[in-house]
Each structure stands twice: as structure tokens, then as C-alpha cells.
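# Topology and contacts: notes
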Amino acid sequence: PAAVTMGPFLASLCLLGSVLHTAAQCDLSTSEFTRQGDYLMGGLFDLYHVGSPIPHHRPEAIDCTSQSFLLPNYRRFQLMRFSMEEINNSSDLLPGVSLGYEIFDICSDLQSFPGVLKQISVNGSVRPWAGSSASQSKVVGVVGPFSSTQALTVAPLFMVDFISMVSYGASSSVFSSNENFPSFLRTVHPNKEVINVIIRILQHFNWRWAAFLNSDNDFGIDGRNLFIQGIKDTDICLAYTENLNMLTDFTQTFQQINLQKINVIIVFAPKMFVEALINSAIKLNISDKVWIADDGWSLNKNLPKKEGIRRIGTVIGVSQPVVTIPAFDDFIFSSKSQKQCEEREEQPFCNQACKCGYLSAEEITSADPTFSFPVYSAVYAITHALHKVLQCGAGSCNRSVTVHPHMVLAELKKSNFTLLNTTIRFNEYGDPKFGSYSIVFWNDKGFPEEVGFFHYFPATKFYINGTKIQWFQNGEVPTSLCSTECLEGYIKKLNGIHKCCFTCEVCPMGTFVNSTADPYSCLPCEKHQWSTAGSTSCLPRTVEWVPFTDPAAVVILAGACLLVALTAAMCVLFAVNYNTPVVRSAGGPMCFLILGCLSLCSISVFFYFERPTEAFCILRFMPSLLFYAVCLACFAVRSFQIVIIFKIAAKFPRVHSWWMKYHGQWLVISMTFVLQAVVIVIGFSSNPPLPYTRFVSYPDKIILGCDVNLNMASTSSFLLLLLCILCFTFSYMGKDLPKNYNEAKAITFCLLLLILTWIIFATAFMLYHGKYIHTLNALAVLSSAYCFLLWYFLPKCYIIIFQPHKNTQKYFQGLIQDYTKTISQ
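Residues take numbers from 1 onward in each chain, read along the sequence in its written order. Under the rules for a predicted model, residues below a pLDDT of 70 receive no local features and side-chain atom pairs below 80 are neither given nor counted, while totals for whole chains, interfaces and linings still include all residues. Side-chain numbers come from the whole structure's heavy atoms, not from hydrogens or water.

A run of H or I in DSSP counts as a helix once it spans at least four residues, and a run of E counts as a strand once it spans at least two, with each numbered from the N terminus. Helix span, as expected, comes to 1.5 Å for every residue beyond the first. Here helix α19 (residues 710-733) spans 34 Å end to end across 24 residues, near enough to the 34 Å set by a 1.5 Å rise per residue. Under the scheme applied here, a residue whose accessible area is under 20% of the maximum for its type counts as buried, over 50% as exposed, and between as partly exposed, the area being computed with a 1.4 Å probe on protein chains only. Among the residues making up α19, those that are buried are M712, A713, S716, L719, L720, L723, C724, C727 and S731.

Quick look at the structure:
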């Protein structure tokens, strides 16, 4: 349906163009724009350019010669003519076949339809999809146009009948679409690849804060969108962007750039916008900037020689390599030597005119050579396709073949030929699979100097020789950063919307920053790792425990062995003197039980050292809890017995009788042992003490220890505390008993030492959490045993050995008699 409605519209436009052609004026022979031949190739070149929008109500052609003349474009126009002459003068590509051309000046983006309609017309009319005869257009292919906007305007007209259109300058990414532009190809790389090179330049010099100024057309807007997309996953930020046109207020533009301290300016725009921008920069004394040029103006011939250009800073550009076209200069000099204008009765068709007779051959050949090879390769690509369609070879072509546009297009897409040592091929989107980019610098001699390159084929390769670039900052590479890069170990805290603007904060202890993966977060270390403040990685923690070889461990273990030896010696001494008053007053047979339990308590000390295991943890607590409870029970009943003998027996004879009859002391000791054993067995069975790793005490260490169930430990400890209280109470009641029978004083003193020992340990446990806390625990257990051994049993041993006269029955009876007299008084 769209084709049906488009046909009359196109036909009417063609008719309009035919009417308008008589109004056009020309100063040159039409031979510059047309040449007869067996097959015609179309050409669309903007020799003139409409500088400002012209109000229009109809798509009628304007007089291009009244607009601004573009010398580089005229050079490309002549390059197409030269290519056609070179092909016709050769017998290799189209032997026996002449190739003509029809070129139009497409000076306006929106008012160039008549020339385009003339190219696609057949016998003066346009009838798309009207049959095989109608599909034989006048041209086999079209070279051009140059700009993306021009191509977008006229390309749909050529796409209707699949007329091959090979552009030498339209680089907008929209053309890489086979659905919308099935017969569009180009010999210039799309904007995406130019932008990619620009981004690589920014990354090479670590420029992260840049402005992007682009023309307000399809070319510039496409470049800006690609730049924004290309820097998405990089450290580059787009600080400022603006669409440029001939009405742009450059003063305000540069004020914004200076206000944001932007030192790198990317300019992605055609020549006329760039010249206006650079002239304004010179006039406004804009200085010390880095300017990055796209391939459209990086090889500009006039700007590098302009007065004051050095003040604005350093200009680096991405350009197409300058390829010398053999014999082209000779062609220009030969053409200019001929008569330039001939009077004819017939006037040329619209926009086939040029007021360029004043140009010398030197001016043309010295113009900006950019896009020369794309024009040259575009002409040869269409010619090679026609060569395939006509089945040319062996000095002749098959002229009986009816050439349809789609046939040329099919062969064009399969292009694979060598031109000036370059293999010409296209990918599936019609983009070139050949070529590279040069990186140039505008030197102080006034011309672009190559300082690097970017190769696409056969492999990607990027290189810049920065030593060749003359920087404006005393030879040093200028910087362009919103914020200075953070030091190692610092994270970036964003200020505003730009990731390049931030403050730096140091990562605290126990965290680190991975600048490559995430420069904005402090990552916590693993449990088994640690780090100091401002770290970029974590270190393994040192796992600590006290080995048997530790000096403190050796001393404590020696003390435990000494305690066992002393208890054994005391047992022997007490056994030899078993029937003496001192041994009996100390407890008699109970002494051996106490000494044995003290020895068994010391077994726990040996399991506080080396790497803790489950068995070590159980044996660390069980012997001390169980056998020390028996010791305290023995001293409690011993204190109670003394009180009974001297104070309760007379007042409560029945209690004394029951106690003696049923051996109350042994009953209490047995019950204590059984109760403590049951509590320990139940607690250790349900939740035994297990090895644990303490991470919180020290950031750089892991302390190994044993985790104790609080319920079990509190129950056992409560029983010990209760025994201490009873023992202390009974011993305090007997503090005034006879001297040699006053065991209560010794027990009270031992208990005070015991309580003081564990208070000291509890204080140390709360304040210190290092590996030696277990050594202190072992020392507390050993000290608890020594309290009774030294202050209860050792004095008895001293009397037995060194004061035997006090270890007699007579001496003890005397003490009891003195105590009785004292009580009776």
C-alpha cells in the first residue's frame, strides 16, 4: 500500500524537477557533471552548502551556486570524474563497455529531490514496482551523498527499487540496518568506530572529564549517543554536551566548560560548525584545552595555520589515512588546462552548475584529502559489481545481459577485490571490512602530523606515540579530572550525578577496597582474615594457642609436677606418722583423700596447652571441677567436725552422736562427689565443651580455646561456691579454738587465698583475651591446689619434721585443758 501511494508522489516530484531545471544557471560545461555511456553511475556531491535554513513550502531545488562553496567537496567531485575516466581508459574491468555518469550538487539537505528523481527515473517517469521494464533505472548505482542527513533524506527513494547507494561519508549508525536500508552501503566506517577510537584516546591519556560538542544533525546526534553508550562501562564522564548550529552562542558554551573545569573538548561536527567554534575560541581567548577532532575536520588545511590557534591548546584528531591516488593530480592539471566553459544552447539540469572556474589546479590538489579513498573505492566497488553482472572477462562483456539494480546490489555485497593494496569488502550491514584510522596532532608548523594509528583489520591494534605531541603544559600531558584519583585503600564517595566527581574516604580496619571491581565500597574481610585501615586486600589471621614448649607453659607444668611430687611425699610422711596428734588433727584418713584430689586436680593443667581438641576441652574442666569439689567438701566437713567437737557436742549431744555413729563426714563427701559427677556427666553429654575460634578479640589473630556450656558451668560452679561458703562459715566459727587444733584458721586463710586467686583471674579474663588467658586459667587452677597444699598441709609437715615435741599427746592435752579453763571463766 505504501508503494502504491508513493508512486504518484514521486512522479509529481520528478515532473516538478523537470519544470524547474530551466531556472538553473551554469558557468561550466555540463561535461563536468555528465558523461554519456552504455551504463550510467549516479553521483551526489555537496559542492555548495546551505549555511542557514531556508524557508520552503515545496521540495523545489534552490540555486546552489548562491551558497557557500566547499573546496574539499569539489576535490572529491573531481575524484569521481577521475575514477570514471580511469575505468573507461582501462580494458580490465569493463572491456568494450563505456561507463557514464550523472552527478548532481546536493547542496541542501531537504531541497535536492529533482536531481535524485532524475537519476531514478526511466524515460522521464518514476514508477516503482511497476514491472521489469520500470525496474531498469537510469543508473546502475549511486556514489554519495556525503552527510548522514543528506543520505537519510534521499536514501528511501533509491531503496524502493534496490538501487545500490554507496556513500563515502554518511557514518550515522542508523544505516547499519538492512531492514530500513537494504541497498545502502558505505566505504567509510560508521560513527561507532570513530567514537571507539576517541574513547581509546581518552583512556590512553587518563582523561575522564570531557565535553562533547556535536552538530545539531543526524551525524552529530548519533555520535553523541554512541559516545554516551561507549563510556557507560568506563571511568570517563560526559561533563557537558551541546548541539551546535550556526546560531549557537559560543560564549555561553565556553563559560560552562570553564565553570566545570573541563580540559578536554570533543568536537563531532562538520567543517563549517567547527570553523565557527574554533574562531570563537580564539576570539574569546580560550586557552590550554585539548581538542579532539573527528575524521571530518582532523585534516583541515586552514585551521592549523590560523593565527592564534596555538593559544587554544592541543588539537588531536582521528583521521582516515591519507591515500595517494595515482595520476589524480595529473588529471586535475590536465582538466584545468582545457577550456573551462562553453556556451551551449542547452542549459544544464538543476544543480549541475559550478562557479569554480577561478580555481587553480594547485588549489584543488592541495585541498583537504579526507574521504578521497572512500570516493575512489565507492566508484570501483560499483564498477566491479557491474563487471560481475555483465560476466566480463577475456577482453569482453556479455552485453546481452539485462542489468537490474538488485543484480548489481547482490554482487556489490559480495565485493572482494584489491584496490591500491587494500582489499575491498563489506560486512552483512554494508559497512566496510577494510581501512584504519590515523591519529594526528596539529604541530606548530601548521599541518597535521601522524602520531598513532588504530587498525581494524585483520586484528584490532591501537598505538599512540605521545612523545611526538607538543603539549601546552611544559611538555607534560594535561589532566582532565573532576576529582583527583583516590589513594590506595580509599573509596570514592560520589558528589552529584557524575561518577568522576567524588571525595575519598579511607576504608576502616577489617575492610578493604578492590578498586578494579568496586571502587565505591569497603568490602569486609573474611572471618579468617584481617586488614589495617586503608587496605586493598586482606591478610590471613594468625592462629594462636599456647604450646607445651612455651616458657610459661613449661613453668606451670613443672609446678603441676612438683605439686604431685609434694602430695606424694606428704602422703608418705603422713602414713609414717599416721597415729600422731598432728596427722589426726589434720583429718586423719581424710588427709590422704584431700591430697589425692589435689593431685588429680592438677591433671587439668596439662590440657590447657597445645591445639585444643574435644578430648582436651573435656579433660581441661572435668578433673578440676569434680575433684576440687571433693577437696572443698572435705575441708567443709573438717571445719564442721572441729566445731562439733568443741562447741556443739556439749549443747547438742544427739547431733554429735548421730554424726559420729553414721560417719556424717563421709556421707557428705560422698554425696558431694556423686552430685558433682552427675551434674558434669549430664552437662558434658548434652553439650560438651568443644574447641572454638575467637575472632572478635584481636583483628589480626584467631585465638583457639574451649567453648563451655554456661548452664553446665554455672551449676558446677554454684556447687563449688556453696561449699566455699559452708567451709568459710564453719572455719570462721572455730577461729578461737586451741592453737594445734585450730585448723579453722588455716582453712579460712586458704579460702581467702583461693577467692583472691579467682578474683584476679576473673579480672584478667574480662580485660585480656589473648592466647595466654588459658595459661592464666591453668595457673589459677594450679594456685587453687597450692593454696591448701602450702598453707594447710605444709605447716603440719613442718611440725612433724622440725618440731616433733609438739606432735605428742601430752602437748595436745595441755592445749585442750588451757582452752577449757578459758571457756569456763
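Attention now moves to the state of the cysteines. Cysteine pairs can be covalently joined through their sulfur atoms, and such a bond is termed a disulfide. Whenever a pair of cysteine sulfur atoms sits within 2.5 Å, that pair is classed as a disulfide. A full pass over the atoms with the stated rule returns 9 disulfides. In this model, C392 is linked to C397 through a disulfide, with the two sulfur atoms separated by 1.8 Å. Its S-S torsion of about 110° marks the bond between C392 and C397 as right-handed, since a negative value means left-handed. For C392, a relative accessible area of 11% corresponds to the buried category. A relative accessible area of 13% places C397 in the buried class. The residue that forms a disulfide with C525 is C538, at a sulfur-sulfur distance of 1.9 Å. Here the S-S torsion is close to -80°, and the disulfide linking C525 with C538 is therefore left-handed.

So, on to the pattern of salt bridges. Whenever a carboxyl oxygen of Asp or Glu lies within 4 Å of a side-chain nitrogen of Lys or Arg, that contact is scored as a salt bridge. According to the stated counting rule, one finds 10 salt bridges in the structure shown. Among the ionic pairs, K492 bridges to E485, the shortest N-O distance being 3.1 Å. Since its relative accessible area comes to 8%, K492 is described here as buried. Judged by relative accessible area, which is 37%, E485 ranks as partly exposed. Residues joined in a network through salt bridges with shared partners are R208, E485 and K492.

Looking now at the sheet that holds strand β25 (residues 542-544). Judged by pairing direction, the sheet is mixed, and its 3 strands sit side by side in the order β25-β27-β26 without closing on themselves. The sheet is open, and its two edges are formed by β25 and β26 (690-694), each paired on a single side. Strand after strand, the sheet turns through a mean of 30° between neighbouring axes, direction not considered. Strands qualify as paired when DSSP identifies two bridges or more between them. In this analysis an axis means a line fitted to C-alpha atoms, helices contributing only their contacting stretch, and an angle means the value between N-to-C directions, from 0 to 180 degrees.

Another aspect to go through is the nonpolar core. Counting 66 residues, the largest nonpolar core has L598, V605, F609, L632, F788 and F793 as its most contacted members. Elements that contribute at least two residues to this core include exactly α13 (551-576), α14 (581-585), α15 (589-601), α16 (614-648), α18 (664-686), α19, α20 (743-767) and α21 (773-802). Broken down by element, this core gets its largest block of residues, 15 residues, from α16. Here a residue-residue contact requires only that any non-hydrogen atoms of the pair lie within 4.5 Å. When residues no more than four places from it in sequence are discounted, the contact partners of L598 are L563, Y628, C631, A785, F788, L789 and F793. As used in this record, nonpolar core signifies buried Ala, Val, Leu, Ile, Met, Phe, Trp, Tyr and Cys residues forming a set joined through side-chain atoms within 4.5 Å.

A separate point is unusual backbone geometry. Cis geometry is adopted by the peptide bond preceding P145, which originates at G144 and carries an omega value of -5°. Notably, F162 is not glycine yet its phi reads approximately 55°, a positive angle. On the secondary structure map, F162 appears in the loop between α4 (148-159) and β7 (164-167). What makes F162 partly exposed here is its relative accessible area of 38%. The phi dihedral of N206 is positive, around 60°, even though this residue is not glycine. Relative to the assigned elements, N206 resides in the loop between α5 (191-204) and β9 (209-215).

Reading across from one edge, β10-β9-β11-β12-β13-β16-β17-β18 is the order of the 8 strands in this open sheet, with mixed pairing throughout. The outermost strands of the open sheet, each flanked by one partner alone, are β10 (237-244) and β18 (461-464). For this sheet, the mean angle separating the axes of adjacent strands, direction not counted, is 20°. Alignment of strand β17 (residues 448-455) against β18, held across 4 bridges, turns out to be antiparallel. Across the sheet, F453 pairs through a bridge with Y463, a residue of β18.

This part covers the packing of α13 against α15. Taken N-terminus to C-terminus, the directions of α13 and α15 make an angle of 170°; their axes are 9 Å apart at the nearest point. The angle between α13 and α15 places the two elements in the roughly antiparallel class. Contact residues: α13 offers L563, V564, T567, M570, C571, F574 and A575, while α15 offers C591, F592, L595, L598 and S599. Just so you know the grouping, Ala, Val, Leu, Ile, Met, Phe, Trp, Tyr, Cys and Pro go in nonpolar, Asp, Glu, Lys and Arg go in charged, and all remaining residues, Gly too, go in polar. A class-by-class count of the residues in the contact of α13 with α15 yields 10 nonpolar, 2 polar and no charged. For classification purposes, angles smaller than 35 degrees are called roughly parallel, those larger than 145 roughly antiparallel, those between 65 and 115 roughly perpendicular, and all remaining angles oblique.

Following the UniProt record, the feature "transmembrane region" (unreviewed entry) maps to residues 552-578, 590-609, 621-646, 666-685, 717-734, 746-768 and 774-794 here. For residues 552-578, the end-to-end C-alpha separation is 38 Å, with 93% helix and 0% strand making up the annotated structure. Annotated as residues 590-609, this span is 60% helix and 0% strand, and its ends, taken at the C-alpha atoms, are 32 Å apart. UniProt positions are given in the numbering used here, feature names are shortened, and annotations may be inferred rather than shown by experiment.

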